[in-house]
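So the chains spell out like this:
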Amino acid sequence: MKNQLIIRGGKRLHGEIDVSAAKNSVLPLIACCIMSEREIHIRNCPAIADIYSMIEIIRSIGGRADLDGTTLVIDCKEANPKRVSSDLTGGIRSSVFILGPILARFRHATISYPGGCEIGLRPIDLHIYGLKSLGVRITEVNGMLDCDGTAKSGGIVDLDFPSVGATENLMMAGVLGQGTTVIRNAAREPEIIDLQNFINFLGGKVSGAGTGVITVEGVSALSGGEYTPIGDRIVAATYLCAVGVTGGNVRVKGIKPEYMHAVLQKLRRADCNVTEFSDGVRLESSGKLRAVHKIETQPFPGFPTDMQPQITALLCTAIGSSCIVENMFENRFKYTVQLNKMGANIIVKDRVAVVKGVPSLYGAPVSAEDLRGGAALVVAALAAQGESVISGVRHIDRGYDKIEQSLAVLGADIARI
Ligand code: UD1
């Protein structure tokens, strides 16, 4: 994959765009397939690096996984996960999701600590605590986690924090076998509801997703079938930020606006005109924006940390000063150094960034260092005067399917070289 984006900024964006299935839904769904011995089709799947990493993990444990156009076909009948290669799990944080499903079906799992994180420490203590609460015995040997689930049963898990990944892992751990698993202080993200719907579609028994208490009743087996996950609210909101800052009029389709209310409210405060439809959102903007007093990242339904960099990029040229507080990850402002290279005026202290609006950004050579920080550089470059060259595009490719093609359709001057 070539690795630079060249963007000549200043073009207004117009038109319509469809988003693919949400990366953060598809990743746990792929892991969930490990529990079924039937073929499963996941539709509208984006061709992005994180999905390919999970496909490799499924193959490495003897499952079949192929992205056929936009349909991901998975068959884990022959899976036999004796030990999952640390070369694979070390590359992607979401590999931790396979723990719950492997324990549910095979009762034993050995994996290395998951990797793939540039935005903070991201420990997995809540995953481990939760699994232990369900009777799984976990020991650490030479950096590998050995998990013995022969005594696993149902139980109650009280999470200290509503971790998205831990909630999903524990939901999946409870799907097969006897007993009832109750997760309290569960994460309420839309992707958790999607996972519940997927498990129930396959014959599982999960209820409560979208609230703070999720109940999973064990069943003896899961079936197969074809499922379409929810659209990607983060990709959709990234495109809305791009239109907001360049000016223009774009309708983003394939997402539920109610899953994006925290972001839409801030875009309205910044003077964007936002219209909601049952299957999408239209944003009209003059390109002249106002600062937003304060944005603070929170678990859903609060403002998503995954949109913090992109909205910060949008606010760089807004009139006035905005204050951004990052509560979820300790190292998620690295990209601001790159935005300042483009003429932004951002001061960061610990978990707070103060963005003083400037009249214009200027094109510059900048480098993406993580997925959403990279998306923020794209948003900024689209509005900047002159040419920007963005390197480190592999980070952006983890979560955006050919971002240059989507933006070019809307009228952006963007190319991959
Ligand atoms: C998921 C999303 C990610 C998003 C994040 C927060 C996927 C694949 N990724 O990540 O895009 O940014 O939710 O919305 O869905 N924590 C612990 N111990 C744990 C687990 C988490 O301390 O065992 C901490 C993390 O370090 C972080 C916070 O909890 O500070 C939130 O993490 P979590 O909700 O688990 O995020 P992920 O599931 O990793």
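The model shown is predicted, which means the values in this text are computed figures rather than measured ones.

Cut-offs applied
- Residues numbered from 1 in each chain as written.
- Predicted model: local features only at pLDDT ≥ 70, side-chain atom pairs only at ≥ 80, totals over all residues.
- Heavy atoms only, no water.
- Salt bridge = Lys/Arg side-chain N within 4 Å of Asp/Glu carboxyl O.
- Buried < 20%, exposed > 50% of the residue type's maximum accessible area, 1.4 Å probe, protein only.
- Near = heavy atom within 4 Å.
- Polar contact = N/O pair within 3.5 Å; in protein donor to acceptor, adjacent residues only side chain to side chain.
- Areas by Shrake-Rupley, 256 points an atom, 1.4 Å probe, with all protein chains shown as cover.
- Helix = DSSP H or I, 4+ residues; strand = E, 2+ residues; numbered from the N terminus.
- Core = buried A, V, L, I, M, F, W, Y, C linked by side-chain atoms within 4.5 Å.
- Contact = heavy atoms within 4.5 Å.
- Domains from an automatic or database assignment.
- Buried area = accessible area lost by both parts, 1.4 Å probe.
- Nonpolar A, V, L, I, M, F, W, Y, C, P; charged D, E, K, R; others polar.

Asker: Hey, could you run me through the pattern of salt bridges in this one?
Answerer: Side chains carrying opposite charge are able to pair once their charged atoms draw close together. With the rule as written, the count across this model stands at 22 salt bridges. E296 serves as the salt-bridge partner of K294, at 3.1 Å between the closest nitrogen and oxygen. On the accessibility criterion, K294 (40% relative accessible area) is partly exposed. Of the residues examined, E296 reaches a relative accessible area of 28% and is grouped as partly exposed.

Asker: How should the site of the ligand be read in this particular structure?
Answerer: Not every one of the 18 residues close to the ligand is listed here, only the nearest: D125, L126, S163, D306 and M328. D125 places a side-chain nitrogen or oxygen 2.7 Å from a nitrogen atom of the ligand. For the ligand, whose accessible area on its own is 730 Å², the fraction buried by protein is 87%. Of all the secondary-structure elements, those providing two or more residues to the shell around the ligand are α5 (125-133) and α6 (164-173).

Asker: What's the story with the environment of F329 in this structure? I'm lost.
Answerer: Looking at the element boundaries, F329 is found in the loop between β18 (321-325) and α11 (335-341). For the pair F329 and A49, spaced 280 residues apart in sequence, the C-alpha separation works out to 22 Å.

Asker: Got a minute to help me understand α6 in this structure?
Answerer: Helical periodicity: at 3.6 residues per turn, an α-helix aligns residues three or four positions apart in one direction. A large share of α6 lies buried, amounting to nine of its ten residues. Among the residues making up α6, those that are buried are G165, A166, T167, E168, N169, L170, M171, M172 and A173.

Asker: Help me understand the nonpolar core, please; the structure alone is not making it clear to me.
Answerer: Here is a general trend for soluble globular proteins: nonpolar side chains tend to be buried in one another's company. Of all hydrophobic cores here, the largest spans 72 residues; its most connected members are L267, L339, I390 and L407. Take this core: its biggest share by element is ten residues, from helix α8 (residues 233-246). Residues within four places of I390 in sequence aside, it is in contact with N3, Q4, L5, I7, V366, A368, L377, V378, A381 and I396. Grouped together as the second largest cluster of nonpolar side chains are 68 residues, M35, L99, I183 and L222 included.

Asker: Help me out: how do you make sense of the domain arrangement of the chain in this one?
Answerer: When the parts of a complex come together, some accessible area is lost, and that lost area is often taken as the interface size. For the chain, the assigned domains are domain 1 (5-19 + 231-416) and domain 2 (23-227). Centre-to-centre, using C-alpha coordinates, domain 1 lies 30 Å away from domain 2. Residue-level contacts link 25 residues of domain 1 with 21 residues of domain 2. Taking both sides of the interface into account, the surface hidden between domain 1 and domain 2 amounts to around 1,900 Å²; carbon and sulfur atoms contribute 51%. Among the residues domain 1 hides against domain 2, the three largest losses belong to F300, F329 and R398. Together they make up 30% of the total. Counting the contacts that link domain 1 with domain 2 gives two salt bridges. Residue D50 pairs with R398 through a salt bridge whose shortest N-O separation is 2.8 Å. The tally of links between domain 1 and domain 2 comes to six residue pairs in polar contact (both at pLDDT 80 or more). Among the secondary structure elements, those contributing two or more residues to the side of domain 1 that touches domain 2 are α12 (371-383) and α13 (393-397). Taken together, the residues of the side of domain 1 that touches domain 2 break down into nine nonpolar, three polar and 13 charged.

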